[in-house]
Amino acid sequence: MITIVGPTASGKTRLAVDVALAYDTEVISADSRQVYRDMTLGTGKDLEDYLVRDDAGNIVRQVKCHLIDIREPGYKYSIYEFQRDFHRVYDDMLSRGLLPVMCGGSGLYVESILRGYEMHEVPENAELRKQLDEKSLEELTEILKTYKTLHNQTDTDTRKRAIREIEIRDYYRTHAEQLTGYPAVKSLVVGTEVDRDVRRERISRRLRERLDAGMVDEVRRLLDERHIPPEDLIYYGLEYKYLTLYLIGELSYDEMYRQLEIAIHQFAKRQMTWFRGMERRGIPIHWIPAELSREEKVARVQELYRSFIFAQNELKI
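Residues numbered from 1 in each chain as written. Predicted model: local features only at pLDDT ≥ 70, side-chain atom pairs only at ≥ 80, totals over all residues. Heavy atoms only, no water.

> Can you help me understand the environment of Thr43 in this one?
Residue placement: Thr43 occurs in the loop between strand 2 (27-29) and strand 3 (51-53). Taking relative accessible area as the criterion, Thr43 reaches 8% and is therefore assigned buried. The spacing of Thr43 and Leu238 is 195 residues in sequence and 9.1 Å in space, taken between C-alpha atoms. When residues no more than four places from it in sequence are discounted, the contact partners of Thr43 are Arg33, Gln34, Arg210 and Tyr240. Polar side-chain contacts of Thr43 include one of 3.3 Å to the backbone oxygen of Thr40. (Helix = DSSP H or I, 4+ residues; strand = E, 2+ residues; numbered from the N terminus. Buried < 20%, exposed > 50% of the residue type's maximum accessible area, 1.4 Å probe, protein only. Contact = heavy atoms within 4.5 Å. Polar contact = N/O pair within 3.5 Å; in protein donor to acceptor, adjacent residues only side chain to side chain.)

Shown next, in the form of structure tokens:
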């Protein structure tokens, strides 16, 4: 397999599609929010990147991407489900003679596949949730510090997500691990490397573009037409958290914009921290400069993949 990782707005989707075209194959998304239907602008699906157009702008090909738009908004998709769904697609692609290309910014999702994490499907604990319900995010964060750090951590930027993280850690502390039976997947891992200042400029520009494209209306439709409760959208964090707070009147537009921009920059920094952690945990990531041309990036990936396959064959010998 080939895996493409990188922080938000680093060009990883474009690279994954170009690599898929070079190998005449398909992409598997490893993104914790792009699984939801009708959540397109807010999750940055970049659907246009999967389309190949001729000089006149006509669509001549569409690269298939798996594991996007597979759940309804409001659903709480889990990493346990992701592992199951990934391996179903992965096995199918191998049976069709295709080289899987996994792409995503959700480091936990990526690492769960590459390292073969043993996961639980953690059920809700109503009694524990009741005990935690009146606590602030700060108090919940302090409680989290009393538990052992797990590989399946969530981003605890909301109370609901923090409570779910405590619920998961409590379950792992009181139950023996239940094997999923999924082996670690051997993969070349390529990262899209972008200068910090360039990344910040890209994030800010991309946010403006998505707001101009109707991201506020997207969230409004989820609230008004799909009748998704505000707290369920806030649970998803980032764009859905701040746009929902704006639409229900808890933030002004300027406050929403300013806080969301800061939150996305912080999120990108956390993504890079995770990827650096993956490297320390024994997963080599080959970083490709974002400023290279599309053709140069693909050529670099192909060269790396040839070396990867050669090394794998040497190990078998």
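> Could you clarify how one ought to interpret the packing of helix 2 (residues 79-95) against helix 3 (residues 107-114) in this entry?
Direction vectors running N to C along helix 2 and helix 3 enclose 55°, while the axes themselves pass 10 Å from each other. Here helix 3 runs oblique to helix 2, going by the angle between their axes. Classified by chirality, the crossing of helix 3 by helix 2 is right-handed. Packed against helix 2, whose contacting residues are Ile79, Phe82, Gln83, Phe86 and His87, the element helix 3 presents Leu108, Tyr109, Ser112 and Ile113 at the interface. Class assignment for the residues of the contact of helix 2 with helix 3 results in six nonpolar, three polar and no charged. (Axes fitted to C-alpha atoms, helices over the stretch in contact; angles between N-to-C directions. Parallel < 35°, antiparallel > 145°, perpendicular 65-115°, else oblique. Left-handed = near helix turned anticlockwise from the far one by under 90°. Nonpolar A, V, L, I, M, F, W, Y, C, P; charged D, E, K, R; others polar.)

> Can you walk me through the packing of aromatic side chains in this structure?
Two aromatic rings, taken as a pair, are described by how far apart their centres are and by the angle between their planes. Following the criterion strictly, the structure yields nine aromatic pairs and no others. With centroids separated by 5.5 Å and ring planes inclined at 85°, the aromatic side chains of Tyr246 and Tyr253 adopt a geometry described as edge-to-face. An aromatic cluster of at least three residues, connected via ring pairs, comprises Phe82, Phe86, Tyr90 and Tyr109. The cationic tip of Arg161 hangs over the ring face of Tyr235; the distance from NZ or CZ to the ring centre is 5.1 Å. Here Arg281 stacks its cationic end above the ring of Trp274, 5.5 Å away from the centre of that ring. (Phe/Tyr/Trp six-rings, centres within 6.5 Å; stacked < 30°, edge-to-face > 60°. Lys NZ or Arg CZ within 6 Å of the ring centre and 35° of its normal.)

> I would appreciate a short explanation of the pairing of strand 4 (residues 59-62) in the present structure.
On any regular strand, side chains alternate: one points to one face of the sheet, the next to the other face. Relative to strand 4, strand 3 runs antiparallel, the two sharing three bridges. When the sheet's bridge partners are listed, Val52 is paired in strand 4 with Arg61. Here strand 3 folds back onto strand 4, and the loop between the two strands holds five residues, one of which, Gly57, carries a positive phi near 90°. (Pairing = 2+ DSSP bridges.)

> What exactly am I supposed to notice about the nonpolar core here?
Note that soluble globular proteins tend to have their nonpolar side chains buried in a common cluster. By size, the foremost hydrophobic cluster in this structure holds 57 residues, and its most contacted members are Met1, Phe82, Phe86, Met102, Leu114 and Leu233. In terms of residue count, the dominant contributor to this core is helix 11 (residues 253-280) (nine residues). Ignoring sequence-local partners within four residues, the contact set of Phe82 consists of Ser29, Ala30, Leu67, Tyr77, Tyr109, Ser112 and Ile113. (Core = buried A, V, L, I, M, F, W, Y, C linked by side-chain atoms within 4.5 Å.)

> Whenever I open this one, the sheet that holds strand 1 (residues 2-5) confuses me. Can you help?
What links the strands of a sheet is backbone hydrogen bonding, and the strands pair in either a parallel or an antiparallel sense. Pairing is parallel across the open sheet formed by six strands, whose spatial order is 5-2-6-1-7-8. Looking at strand neighbours, the two that pair on one side only are strand 5 (65-66) and strand 8 (286-289), the edges of this open sheet. The pairing of strand 1 with strand 6 (residues 101-104) spans four bridges and is parallel. Counted as the bridge partner of Val5 is Gly104 from strand 6. Along the sheet, helix 12 (residues 294-316) makes contact with strand 1, strand 7 (188-193) and strand 8, crossing strand 8 at roughly 165°.

> Is there a simple way to think about the state of the cysteines in this case?
One covalent bond between the sulfur atoms of two cysteine residues makes up a disulfide. Counted under the stated rule, the structure contains zero disulfides. No disulfide involves Cys65; its nearest neighbouring cysteine sulfur is the one of Cys103, lying 7.4 Å away. In this structure Cys103 comes out as buried when scored by relative accessible area, which is 6%. (Disulfide = S-S within 2.5 Å.)

> Could you clarify how one ought to interpret the pattern of salt bridges in this entry?
A pair can form between side chains of opposite charge whenever their charged atoms are brought close. One pass over the full model with this rule turns up 30 salt bridges. Between Arg226 and Glu72 there is a salt bridge, with the nearest N and O atoms lying 2.3 Å from each other. Taken as a pair, Arg226 in the loop between helix 8 (215-224) and helix 9 (230-235) and Glu72 in the loop between strand 5 and helix 2 lie far apart in primary sequence, 154 residues in all. The class of Arg226 is partly exposed, set by a relative accessible area of 31%. (Salt bridge = Lys/Arg side-chain N within 4 Å of Asp/Glu carboxyl O.)

> What am I meant to see in the side chain of Lys45 here?
Structurally, Lys45 is set in the loop between strand 2 and strand 3. In terms of polar contacts, Lys45 uses its side chain to reach the backbone carbonyl oxygen of Tyr36, at 2.6 Å. Polar side-chain contacts of Lys45 include one of 3.2 Å to the backbone oxygen of Met39. For Lys45, the contacting residues outside a window of four places in its chain are Gln34, Tyr36, Arg37, Asp38, Met39, Thr40, Tyr50 and Asp69.

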